[in-house]
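Observations on chain architecture
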Protein chains: 2
Amino acid sequence: METKITRMLGIEHPIVQGGMQWVSYAELAAAVSNAGGLGIITALTQPSPKALVNEIARVRSMTDKPFGVNLTILPTLKPIPYDDYRQAIIDSGVKIVETAGSNPGGHIAKLKEAGITILHKCTTVPHALTAQELGADIISIDGFECAGHVGEEDIPNFILIPTAISRLRIPVIASGGMVDERSLVGALALGAEGINMGTRFMCTKEAPIHDRVKEAIVAQSERDTCVILRSLRNSSRVARNQVAEAVLELERKGLGIQDIGPVVSGAKGRRVYEEGDINAGIWTVGLAQALINDIPSCQALISRIVQGAEDIITKRLDAICSSSTLVESTL
Amino acid sequence: METKITRMLGIEHPIVQGGMQWVSYAELAAAVSNAGGLGIITALTQPSPKALVNEIARVRSMTDKPFGVNLTILPTLKPIPYDDYRQAIIDSGVKIVETAGSNPGGHIAKLKEAGITILHKCTTVPHALTAQELGADIISIDGFECAGHVGEEDIPNFILIPTAISRLRIPVIASGGMVDERSLVGALALGAEGINMGTRFMCTKEAPIHDRVKEAIVAQSERDTCVILRSLRNSSRVARNQVAEAVLELERKGLGIQDIGPVVSGAKGRRVYEEGDINAGIWTVGLAQALINDIPSCQALISRIVQGAEDIITKRLDAICSSSTLVESTL
């Protein structure tokens, strides 16, 4: 399939693997890129800018196809050397960066100076417009369906995608709730030039997370996520487990970050992804899990989605159209 | 366009006009049916079962095409003679009924005995499965994008539509956030057999509501709705105005129905729709308003959506597919 973003990114299929903290290591990104999509590693999953340089080299050792690096700017308790991570990306000759989070302006400017193509991920149209003005090349618009930071506006993709497209000049990738051939065609119909999938790629053979996490995603339904931290205006969609319920209870009581913070930071997702104890901490997952029933290779997954999407278009949708032509011609 | 639901309902295009309290009178329903969709009047907008009989006759005086009657069962302060409304529908020879709300079982059984085709509208897959077992013929699945009663699960249509289809035997109509040719093709891609539009049909020449309400919908964006009454587990998406904000403030204070009830019931939507004073009361509207920019006739609207949908399929989507075939053939 060829769209504006396959041409801009030099990839075969309009499918991007979202940057996911503690998940998007070289193994996953390379597998996605080798399958014709765009694999992305996450800068801050690496403990230092130097480690990121090594991780970029590891991707290159596994694929010669285009790949990207995610750089997410979020408020954190301990300071993070964002400028050094950014410089590591530039010095490594990376060609595609996915930015996300607050105040990406300075980073986007420096990355653009280095000739890098920028996908900026955000959850609202005003943020997308700002990123466009800052020089972003593509917007990954992230609907309320997504995992992790959902924003505070709760706009689902049936509304968010066409609204974003109608107000932006640059191409849009649909992110959040994207999971299979049906969502790919749905997103293309709404005007997106491709899809970004996170949760779906967590459930692949190559995703370097514990099998019990993948099995949990397969087992969980559309009712097994919840949105925590709304009271702190840092709303995040996570797996609905006992830790998340405890956080929701603190929020219902009207408690602040001094009480909620330790519960969240003491139980973050890395341990879950590594040990597979899905009740031990807070881990992000999207509503897409409702439609995930297996753990294929990235190659099998992407092939199936692309073939399935072509079937939906050339069989199901074309038939719906030609039947109406038939009706008209017999009038 | 021909799908399972156009055949089941005997209509030309897979577009249903949702039953809307204080909006879905004969004028609107007849205009939609005459344009090849399915128009629906709302039983409880009529003050009595006898008035409903008259309203059904008014629809028949304006169209000879199929139309439906909505019967919504909701908890209310004063008792409503639901059985008498239902009998009025049956006695009038209506062929299609849209049911909604809680405990529709007895009503669905009686309507089915009378040979009526049932569309049941609901917001969750478990409720859809129950309605299917009760004898419903079609499910209108109502995503979090919708106006009015959104339910308590907050599942948007990119997830809800394919999830519902995968678990149901009967056909599904996508409802909530459906507004134009893009959403129609998006819904068909996800496996729906058609769309239900409410907010979009409020903004038509024939909708019997005040012009100022229509103009407000055109002006409002995706950020101008809010979900009230979550604290009472009666969540409803309404226009974000001063009355809705007042209700939200009462909910934030933890107040109950004895305090919230009078604010809501003293300011219901009928007055808004009739007088056009959009700040005077609570009135329902969906996120679809973000994508509504004009007030066409129902005929112009439906023609444009169907033609536009065919263009998306046969031009945009087919081109994306054939470009990939081209790439493959040159390998």
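Residues numbered from 1 in each chain as written. Chains lettered and ligands numbered in written order. Predicted model: local features only at pLDDT ≥ 70, side-chain atom pairs only at ≥ 80, totals over all residues.

Examining the overall build of chain A
Scanning chain A from terminus to terminus reveals 14 helices and 11 strands. Counting only C-alpha atoms and orienting by the principal axes, one finds that chain A spans roughly 70 × 45 × 35 Å. Here chain A holds 331 residues, and 54% of them are scored as buried. Partitioning the contacts of chain A with sequence separation of at least 6, the portion at a separation of at least 24 is 61%. (Helix = DSSP H or I, 4+ residues; strand = E, 2+ residues; numbered from the N terminus. Buried ≥ 20, exposed ≤ 12 C-beta atoms within 10 Å, placed from the backbone. Contact = placed C-beta atoms within 7 Å.)

Focus: the sheet that holds strand S7 (residues 148-149) of chain A
Residue and element names in this part refer to chain A. Taking strand neighbours across the sheet as the criterion, the three strands line up as S7-S11-S10 in an open arrangement whose pairing is antiparallel. Two strands in the sheet have a free side with no partner beyond their single neighbour: S7 and strand S10 (225-228). Direction of pairing for S7 relative to strand S11 (residues 236-239): antiparallel, over a ladder of two bridges. Residue Gly148 lies in a different strand from S11, and its bridge partner there is Arg237. (Pairing = 2+ DSSP bridges.)

A closer look at the sheet that holds strand S11 (residues 236-239) of chain B
Residues and elements named next belong to chain B. Strand order in the open sheet made by the three strands is S7-S11-S10, with antiparallel pairing throughout. Looking at the sheet topology across the chains shown, the edges are occupied by strand S7 (148-149) and strand S10 (225-228). Inspection of the sheet shows S10 paired to S11 by four bridges, in the antiparallel sense. Bridge pairing links Ile228 to Ser236 in S11. Strands in contact with helix H11 (residues 242-252) are S10 and S11; relative to S10, the strand with the most contacts, it is inclined by about 40 degrees. (Axes fitted to C-alpha atoms, helices over the stretch in contact; angles between N-to-C directions.)

Quick notes on helix H2 (residues 26-34) of chain A
Counting buried residues in H2 of chain A gives seven out of nine residues, a clear majority hidden from the surface. Within H2 of chain A, burial applies to Ala26, Leu28, Ala29, Ala30, Ala31, Val32 and Ser33 of chain A.

Describing the relation of the copies chain A and chain B
The transform that puts chain A on chain B rotates by 180 degrees and translates by 0.0 Å along the axis, for an RMSD of 0.0 Å. On this basis, the relationship between the two copies can be described by a two-fold rotation axis. Using C-alpha coordinates, one finds that chain A approaches the rotation axis most closely at Gly186 of chain A, a distance of 2.0 Å. When the interface residues of chain A are mapped onto chain B, 100% of them again lie at the interface, so the same face is used by both copies. (Least-squares fit on C-alpha atoms with pLDDT ≥ 70 in both.)

A closer look at the environment of Ile170 of chain B
Residue and element names in this part refer to chain B. Within the fold, Ile170 resides in the loop between helix H7 (157-167) and strand S8 (172-175). Classification of Ile170 as buried rests on a count of 20 C-beta atoms within 10 Å. Distance from Ile170 to Ile139, taken between C-alpha atoms, is 7.2 Å for residues 31 residues apart in sequence. With near-sequence residues (within four places) excluded, Ile170 lies in contact with Gln132, Ala136, Asp137, Ile138 and Ile139.

Notes on helix H10 (residues 211-219) of chain A
Each α-helix turn comprises 3.6 residues. Residues three or four places apart therefore point the same way. Residues and elements named next belong to chain A. Those residues of H10 lying buried are Val213, Ala216 and Ile217. The buried side chains of H10 occupy one side of the element, clustering within an arc of 100 degrees when seen end-on. Looking at H10, the residues exposed on the side facing more than 90 degrees away from the buried face are Asp211 and Ala219. Of the surrounding secondary structure, the elements contacted by the buried residues of H10 are helix H9 (199-202) and helix H13 (269-275). (Arc of directions from axis to C-beta.)

What about the domain arrangement of chain A?
Residue and element names in this part refer to chain A. For chain A, the assigned domains read domain 1 (10-208 + 296-321) and domain 2 (222-267). Each of domain 1 and domain 2 was reduced to a C-alpha centroid, and the two centroids are 26 Å apart. Facing the seven residues of domain 1 at the interface are five residues of domain 2. (Domains from an automatic or database assignment.)

Some words on the environment of Ala43 of chain B
Residue and element names in this part refer to chain B. Locating Ala43 in the fold gives a position in the loop between strand S2 (39-42) and helix H3 (49-62). C-beta crowding within 10 Å serves as the criterion here: with 27 such atoms nearby, Ala43 is assigned to the buried category. For the pair formed by Ala43 and Gly261, sequence separation is 218 residues and the distance between their alpha carbons is 23 Å. Apart from the residues within four sequence positions on either side, Ala43 is in contact with Leu52, Val69, Asn70, Leu71, Tyr85 and Ile89.

So, the interface of chain A and chain B
Taken together, the contact between chain A and chain B spans 39 residues of the former and 39 residues of the latter. Of all the elements in the fold, those that place two or more residues in the side of chain A that touches chain B are helix H7 (157-167), helix H8 (181-189) and helix H14 (298-329) of chain A. No other element matches the 11 residues that H14 of chain A contributes to the side of chain A that touches chain B. For the side of chain A that touches chain B, a count of residues per class yields 20 nonpolar, 11 polar and eight charged. (Nonpolar A, V, L, I, M, F, W, Y, C, P; charged D, E, K, R; others polar.)

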